[in-house]
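For reference, the chains in residue letters:
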Protein chains: 2
Amino acid sequence: MGGDSGPGVVVPGALDAAREMGLSLILVGDETMLRGELSRSDTSGLDVEVIHTTQVAEMTDKPSDVLRRKKDSSIQVACRLVKEGRADGVVSAGHSGASVACGMFVIGRVKGVLRPAFAGVLPTVKKPMVLLDVGANVDSKPEHLFQFGILGEVLARDVLGFAQPRVGLLSIGEEEGKGNSLVKETFDRLKASSLRFVGNVEGRDVFTGDVDVVVCDGFVGNVALKLSEGLASSMAKVLKRELMSSWLGKIGTFLAKGRLRSFARFVDYAEYGGAPLLGLAGIVIVCHGASNPKAISSAVKMAGRFVESGANDHIKKALDKHKGLGG
Amino acid sequence: MGGDSGPGVVVPGALDAAREMGLSLILVGDETMLRGELSRSDTSGLDVEVIHTTQVAEMTDKPSDVLRRKKDSSIQVACRLVKEGRADGVVSAGHSGASVACGMFVIGRVKGVLRPAFAGVLPTVKKPMVLLDVGANVDSKPEHLFQFGILGEVLARDVLGFAQPRVGLLSIGEEEGKGNSLVKETFDRLKASSLRFVGNVEGRDVFTGDVDVVVCDGFVGNVALKLSEGLASSMAKVLKRELMSSWLGKIGTFLAKGRLRSFARFVDYAEYGGAPLLGLAGIVIVCHGASNPKAISSAVKMAGRFVESGANDHIKKALDKHKGLGG
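Residues numbered from 1 in each chain as written. Chains lettered and ligands numbered in written order. Predicted model: local features only at pLDDT ≥ 70, side-chain atom pairs only at ≥ 80, totals over all residues. Heavy atoms only, no water.

Put simply, the test is: UniProt positions are given in the numbering used here, feature names are shortened, and annotations may be inferred rather than shown by experiment.
Under an unreviewed UniProt entry, the name given to chain A is Phosphate acyltransferase, and the source organism is Desulfovibrio ferrophilus. Entered under Catalytic activity (unreviewed entry) in the UniProt record, the comment concerning chain A runs "a fatty acyl-[ACP] + phosphate = an acyl phosphate + holo-[ACP]". On record in UniProt, under Sequence similarities (unreviewed entry), the comment for chain A is "Belongs to the PlsX family."

Okay, here's the thing in structure tokens:
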């Protein structure tokens, strides 16, 4: 039921992913609306179930209120399906705070995980990279950041397919010993681990493609993510304004439009679809409210890859292996 | 003596600013090199003094070592000139850590300032904005962040010429009460002040031009600044790669090149030149090591405007007025 356009975008996106990966879908929400959407699509050969719910998490609801008072909201029911083993993961374009709350308290955490973290999958010059935490937590401790490194490494390996992900720590200087007190203590833990730790990385290194996982506090990561979105969209606006301000610019743009479109894809969040909340006994992927069907499809496929690769088992094993470092 | 290209870039840049604003220059460094550079330029009508120094802060030097052991380094001598009242400010493209250390301990602070802060002047869709602190401090306290608001407001007013600068607090949600504990406590102080406080702003609001001053901790600000530089340069690289990958793209680029150049200016740090270290009893502006003469000229003009507007008096008055809030 989530997203600015509701089931009209979510249903076709989900069907597309199910078709491509052979996934089974459970659509949770208002049955009449969902069946209506389904009737407009070709669902032959697909395994699609609809579960009716009567409540919706509104943007004005507090996450804790959704959790306590909206037991029959689509997000809470979807999370309960995971808890009960009837589903493996949840994709939502709705209230992100409610998705986090229901993920944390209805599904619960993988044993050993201290704090689930939101991972941002961002484009770089070469290939995607993982930045985490991008906002599930504020005021994190070193043991939390260390665990974010483990969660991100598994995502990069299992979902993005990198053989030996390079893990960096976001700081304000590359040398060991640079940064704030949180970063300095986290550095020592990451250095002592078996992760492929490449040390501190700076803001400018995030988009070069030379590091696969960048670990940071949720406050810093959320600022970084939204700043990137804001800057990319401002740059696109300025580029368009400049190109359209002269006839030569317009003709040039017309000729180069195929190439400009490839450029636009670089800054298109829909390529990766959503931010996975890692560390849950299942998976919750939160999509942008303005998601289009392609973004939803990407997010559902990400959930599919996460589950099929056995990522949560890998997280459990990595946490066991690093017990002294991660809390 | 600073910058990747030394006096060959710094001297012509400084002369250009002196000519434009009628400033008096003191060039501090190796006299032979500086006189050599001056002989290549037309200095008629300009007031230029050269002060010879025998030492240089090397990139491998620790800031504290420059301070203690290189008393005759160009940066330390330049700061001493300010302390002694023989100069009003310092512009350097050299060792930024050494510039900060000499600024703090040789020049000293404006009375009442707890922590000097680096201000980044960034382009937006509409006009420049001030982000601070971008890295002079880590592990800041609420009273520090509050003072950053005052420092940034004066810069925006006196140097950028905004009549009533809007001050925002960088956080991860717009509503009051969102953010980490540092942000929440700073919010209350800014709200109680006479600054034109617009509340929390998110990363995506930084580049819209709807806020003039954004306050944050030096760790977050430094990450944000370098991330922006990194993303802008990655986007420019991808744009170029895409445009050059087809004949139509190349022809289009040729036709639109004037417009593309205007776009490039949007991401050109040289427009603003350098980062002022605010809160000193004088002013130190630190330029990028890769600065070109235009960037140096912009930085020297910024120093000139800072001094001519009486910015430090305005900082003193604002701190007096808000004594209970800022430390």
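Read on, since the account is not over.
### Overview of the interface of chain A and chain B
Selection criterion: Residue contacts are counted whenever heavy atoms from the two residues lie within 4.5 Å of one another. Put simply, buried area is how much 1.4 Å-probe accessible surface two parts lose in total, over both of them, once they are put together. What counts as a salt bridge is simple: a side-chain nitrogen of Lys or Arg found within 4 Å of a carboxyl oxygen of Asp or Glu. Helix numbers and strand numbers start at the N terminus; a helix is a DSSP run of H or I with at least 4 residues, a strand a run of E with at least 2. Three classes are used: nonpolar for Ala, Val, Leu, Ile, Met, Phe, Trp, Tyr, Cys and Pro, charged for Asp, Glu, Lys and Arg, and polar for all others, with Gly counted as polar.
Each partner contributes to the interface: chain A provides 48 residues, whereas chain B provides 48 residues. Summed over both sides, the interface between chain A and chain B buries roughly 4,800 Å², with carbon and sulfur atoms accounting for 76% of that surface. Three residues, F219, L227 and M235 of chain A, lead the burial of chain A against chain B; their summed loss comes to 15% of the area buried on that side. Counting across the chain A and chain B interface gives two salt bridges. When residues of the side of chain A that touches chain B are traced back to their parent elements, those giving at least two are α7 (181-192), α8 (218-243), α9 (247-255) and α10 (257-266) of chain A. Of all the elements, α8 of chain A adds the most residues to the side of chain A that touches chain B, at 19 residues. A class-by-class count of the residues in the side of chain A that touches chain B yields 26 nonpolar, 14 polar and eight charged.

### Focus on a nonpolar patch on the surface
Residue and element names in this part refer to chain B. Here is the rule: A patch consists of residues whose relative accessible area exceeds 30% and which take part in no salt bridge; residues with like charges are grouped when within 9 Å of each other, and nonpolar side chains (Val, Leu, Ile, Met, Phe, Trp, Tyr) when within 5 Å. The Shrake-Rupley method, run with a 1.4 Å probe sphere, supplies the accessible areas, and residue values consider only the shown protein chains as cover. Exposure categories follow from relative accessible area, calculated using a 1.4 Å probe and restricted to protein chains: below 20% of the type maximum is buried, above 50% is exposed, and the middle band is partly exposed.
Together, W247, L248 and I251 give the surface a local cluster of nonpolar side chains, amounting to about 370 Å² of exposed area. In this fold, I251 is placed in helix α9 (residues 247-255). Judged by relative accessible area, which is 41%, I251 ranks as partly exposed.

### Here's the deal with the sheet that holds strand β4 (residues 117-122) of chain B
All names here are of chain B. Using the following cut-off: Note on pairing: two strands pair once DSSP finds at least 2 bridges between them. Working convention: axes come from line fits to C-alpha atoms, limited for helices to the stretch in contact. Angles between N-to-C directions cover 0 to 180 degrees.
Spatially, the eight strands line up as an open sheet ordered β3-β10-β9-β4-β5-β8-β6-β7, and their pairing is mixed. Looking along the sheet, the strands with just one partner apiece sit at the ends: β3 (89-92) and β7 (196-201). Shown here is a sheet whose adjacent strand axes are inclined to one another by a mean of 25 degrees, direction ignored. In this structure, strand β9 (residues 274-278) lies alongside strand β10 (residues 283-287), joined through four bridges in antiparallel fashion. Looking across to β10, one finds that L277 is bridged to V284. The strands that helix α4 (residues 74-83) touches are β3 and β10; relative to β3, the one it contacts most, it runs at about 160 degrees. Helix α11 (residues 293-308) rests against β3, β4, β9 and β10 of the sheet, and its axis sits at about 165 degrees to β10.

### Some thoughts on the relation of the copies chain A and chain B
To be explicit about the condition: The copies are overlaid by a least-squares fit using only the C-alpha atoms of residues whose pLDDT is at least 70 in both copies.
By a simple turn and slide, chain A fits onto chain B: the slide is 0.0 Å along the axis, the RMSD is 0.1 Å, and the turn is 180 degrees. Viewed as a symmetry operation, the transformation between the two copies matches a two-fold axis. By residue overlap, the copies meet face to face through one surface: 100% of the interface positions of chain A are interface positions in chain B.

### Quick notes on the pattern of salt bridges
Residue and element names in this part refer to chain A. In total, this model carries 32 salt bridges over all chains according to the counting rule given. For R40, the salt bridge is made with E37, and the minimal N-O distance between the two is 3.0 Å. The class of R40 is exposed, set by a relative accessible area of 62%. Relative accessible area serves as the criterion here: at 15%, E37 is assigned to the buried category. Close ionic contact of E143 with R189 constitutes a salt bridge, the shortest N to O distance being 3.9 Å. In this pair, E143 sits in helix α6 (residues 142-158) while R189 sits in helix α7, placing the two residues 46 residues apart along the sequence. It is possible to trace a salt-bridge network through shared partners that takes in D65, R68 and R69.

### Here we look at the state of the cysteines
Selection criterion: A pair of sulfur atoms, both from cysteines and within 2.5 Å, is called a disulfide here.
Applying the stated criterion to the full structure yields zero disulfides over all chains. Left unpaired, C102 of chain A is separated from the closest cysteine sulfur, that of C79 of chain A, by 5.1 Å.

### With respect to the environment of Q76 of chain B
With respect to the helices, strands and loops of the structure, Q76 of chain B is situated in helix α4. With 27 residues separating them in the primary sequence, Q76 of chain B and G103 of chain B have C-alpha atoms 8.3 Å apart.

### Re the domain arrangement of chain A
Residue and element names in this part refer to chain A. What counts, and what does not: Source of the domain bounds: an automatic or database domain assignment. Polar contact is defined as a pair of N or O atoms within 3.5 Å, subject to the rule that within protein one atom must be able to donate a hydrogen and the other to accept it, and that residues adjacent in sequence are counted only when both atoms are side-chain atoms.
Entries for chain A in the domain assignment read domain 1 (7-114 + 271-312) and domain 2 (122-270). On a C-alpha basis, the centres of domain 1 and domain 2 stand 25 Å from each other. At the interface, 23 residues of domain 1 touch 19 residues of domain 2. Taken together, domain 1 and domain 2 are joined by zero salt bridges. Counting every contact that joins domain 1 to domain 2 gives three residue pairs in polar contact (both at pLDDT 80 or more). For the side of domain 1 that touches domain 2, the secondary-structure elements that each account for two or more residues are β9 (274-278) and α11 (293-308). Of all the elements, α11 adds the most residues to the side of domain 1 that touches domain 2, at six residues. Of the residues contributing to the side of domain 1 that touches domain 2, the split by class is eleven nonpolar, nine polar and three charged.

### Points about the side chain of N137 of chain A
All names here are of chain A. Tracing the sequence through the fold places N137 in the loop between β5 (129-132) and α6. At a separation of 3.0 Å, a polar atom in the side chain of N137 contacts the main-chain carbonyl oxygen of P116. Once residues within four sequence positions are removed from consideration, N137 is found in contact with R115, P116, A117, F148, D217, G218 and F219.

### A short note on α7 of chain A
Our working rule: A helix is expected to reach a length of 1.5 Å times the quantity of its residues less one.
For α7 of chain A, which comprises twelve residues, the first-to-last C-alpha distance of 17 Å matches the rise-based estimate of 16 Å (1.5 Å per residue) to within 8%. Next to the buried residues of α7 of chain A lie α6, β6 (166-170) and β7 (196-201) of chain A together with α8 (218-243) of chain B.

### What about unusual backbone geometry?
Residues and elements named next belong to chain A. Omega for the peptide link from L132 to D133 comes to 5 degrees, which places this bond in the cis form. Positionally, D133 belongs in the loop between β5 and α6. In the Ramachandran plot, D139 falls in the positive-phi region, its phi being about 55 degrees despite a non-glycine side chain. Tracing the backbone shows D139 in the loop between β5 and α6.

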